[in-house]
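Structure at a glance
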Amino acid sequence: MLTHYPWQASQWQHFMTMHTQHRLPHALLLTGNAGLGLHEFAKQIARHLLCFNTADECNPDESSQSYRLFDTGNHPDYRSIEPEEIGKQIKVTQIRELIEFLSLKSFTTKNKIVTLSPAEAMNRSTANALLKTLEEPPEQSMLILISHHPERLPITIRSRCQKIEFQPAYDQQAINWLEEQKIESAYSSELLLQLTGGAPLAVIEMLENEMLDERQQIVADIDLILQDRANPVELASRWESLGCDLVIVWLMRFCQDIVRLKLMHDGADIVNQDLSEGLLEIAKSLDIARIMRIYGFLQQKYREATAQTNFNSLSLLEEIIIYWNNPKQVKQF
């Protein structure tokens, strides 16, 4: 059965309170880091609204036709809008289809629900096409926008949605959930959550894809870069296979730990505890000013990598590798 995750309890309670008090808006904006289950939460909202006839019902029959239709992905009053290709933009034609869908009479209940993710994949034209629907929503319709980067949404879109925010999950509920998944790892659940920025679902993905060892290899790669022994093209190609934005996030977190090691040495409370030896060696060869310049450069490249625009990830990673070795070879921002 689809349900919300334990670290989403307060957000679910907030939604249920609005529902039972008949205060649900026509548009919700779910925000938070990837790996917190925002898509699953949105689907749980849709399932709940489409399968309850009134807000006062608490225990509907889960064998009902509406539940069966939703759980098999065939509910006629639910739509999910996403880019047609990963990393691409949501098209204006998709928004027009969304508008037409919401304008039609519902088949099974009084509700029609659309989830749109990632909301920041809309360009200006697409956002403008959606705006009129947000300003004058059809009766009994709900739009659920999902965004990991809400700051990239136009203020006109954000201001017309009620936001439900999800914070990183480091608490005991998240730890217990991970342990219930019977994951096999030499690392503690607490450390795994630290390594993923408090994203339990990202922990599962990282372990399934055996990404922990890749982090260790990247630290070794940085050491080779600083010794001028790395081939930027070959190294960038390998990093790209891991995911450009993921590698940049790791590099930024390594920089943060290196700064801590520079300031506090062996007693530093770093996130990547399993990589402390390698990071300490890197810290010895860099001064604080250079590390902070690298970190700032990585932030700029992360914005480029996660923006909904076309970019050459291989060239971007090559720039990062060259900058680590010699910032003067890369144009300053």
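Remember, it's a predicted structure, so these values are computed and weren't measured experimentally.

1. Details of the packing of helix H12 (residues 244–264) against helix H15 (residues 313–325)
Close contact between H12 and H15 brings their axes to 10 Å; oriented N to C, the two are set at 20 degrees. Taken together, the axes of H12 and H15 are roughly parallel relative to one another. The two elements H12 and H15 cross, and the hand of that crossing is left-handed. Across from Cys244, Val247, Ile248, Leu251, Cys255 and Ile258 in H12, the residues of H15 making contact are Ser313, Leu316, Leu317, Ile320 and Trp324. Tallied by class, residues from the contact of H12 with H15 come to ten nonpolar, one polar and no charged.

2. Structural notes on the pattern of salt bridges
Evaluation of the coordinates by the stated rule reveals eleven salt bridges. The salt bridge involving Lys301 is made with Glu319; its shortest N-O contact spans 3.0 Å. With Lys301 in helix H14 (residues 288–306) and Glu319 in helix H15, the pair connects residues that are 18 residues apart, well separated along the chain. What makes Glu319 partly exposed here is its relative accessible area of 30%. Within the structure, one salt-bridge network assembled from shared partners comprises Lys301, Glu304 and Glu319.

3. Regarding the side chain of Ser117
Looking at where Ser117 falls in the secondary structure, it is placed in the loop between strand E3 (112–116) and helix H5 (124–135). Given the relative accessible area of 6%, Ser117 is considered buried. One polar contact links Ser117 to His39, side chain to side chain, over a distance of 2.6 Å.

4. Describing the packing of aromatic side chains
Under the criterion given, the structure shown has seven aromatic pairs. Taken together, a centroid distance of 5.0 Å and an interplanar angle of 45 degrees make the contact between Trp12 and Phe15 tilted. Linking Trp12 with Phe15, this pair stays in helix H1 (residues 9–20), spanning three residues, or about one helical turn. Each member of the pair, Trp12 together with Phe15, is buried. Aromatic side chains Trp12 and Phe41 sit 5.7 Å apart centroid to centroid with 85 degrees between the ring planes, which places their arrangement in the edge-to-face category.

Calculation rules
- Within each chain, residue numbers correspond to sequence positions counted from 1 in written order.
- Only residues with pLDDT of 70 or above have their local features reported here, since the model is predicted, and side-chain atom pairs are shown and tallied only from 80 upward, although totals for entire chains, interfaces and linings are computed over all residues.
- Side-chain numbers come from the whole structure's heavy atoms, not from hydrogens or water.
- Each axis is a line fitted through C-alpha atoms, and for a helix only the stretch in contact is used; angles between axes span 0 to 180 degrees, taken between their N-to-C directions.
- Helix and strand labels come from DSSP, where a helix needs a run of H or I of at least four residues and a strand needs a run of E of at least two; each type is numbered from the N terminus.
- In these notes the angle categories are as follows: under 35 degrees is roughly parallel, over 145 is roughly antiparallel, 65 to 115 is roughly perpendicular, and the rest is oblique.
- In this scheme the crossing of two helices becomes right-handed for a clockwise turn of the near helix relative to the far one and left-handed for an anticlockwise turn of less than a right angle.
- Residue contacts are defined here by distance: any two heavy atoms, one from each residue, within 4.5 Å place the two residues in contact.
- Polarity classes work like this: nonpolar for Ala, Val, Leu, Ile, Met, Phe, Trp, Tyr, Cys and Pro, charged for Asp, Glu, Lys and Arg, and polar for all others, with Gly in that last group.
- Think of a salt bridge as a Lys or Arg side-chain nitrogen and an Asp or Glu carboxyl oxygen that are within 4 Å of each other.
- Think of it in three bands: with a 1.4 Å probe and only protein chains considered, a residue is buried below 20% of the maximum accessible area for its type, exposed above 50%, and partly exposed in between.
- Whenever two N or O atoms come within 3.5 Å, that pair is a polar contact, provided that in protein one can donate a hydrogen and the other can accept it, and provided that, for residues adjacent in sequence, both atoms are side-chain atoms.
- Two rings belonging to Phe, Tyr or Trp (six-membered ring only in the last case) form a pair when the distance between their centres is within 6.5 Å. Interplanar angles under 30 degrees mark stacking, angles over 60 mark edge-to-face geometry, and anything in between is tilted.

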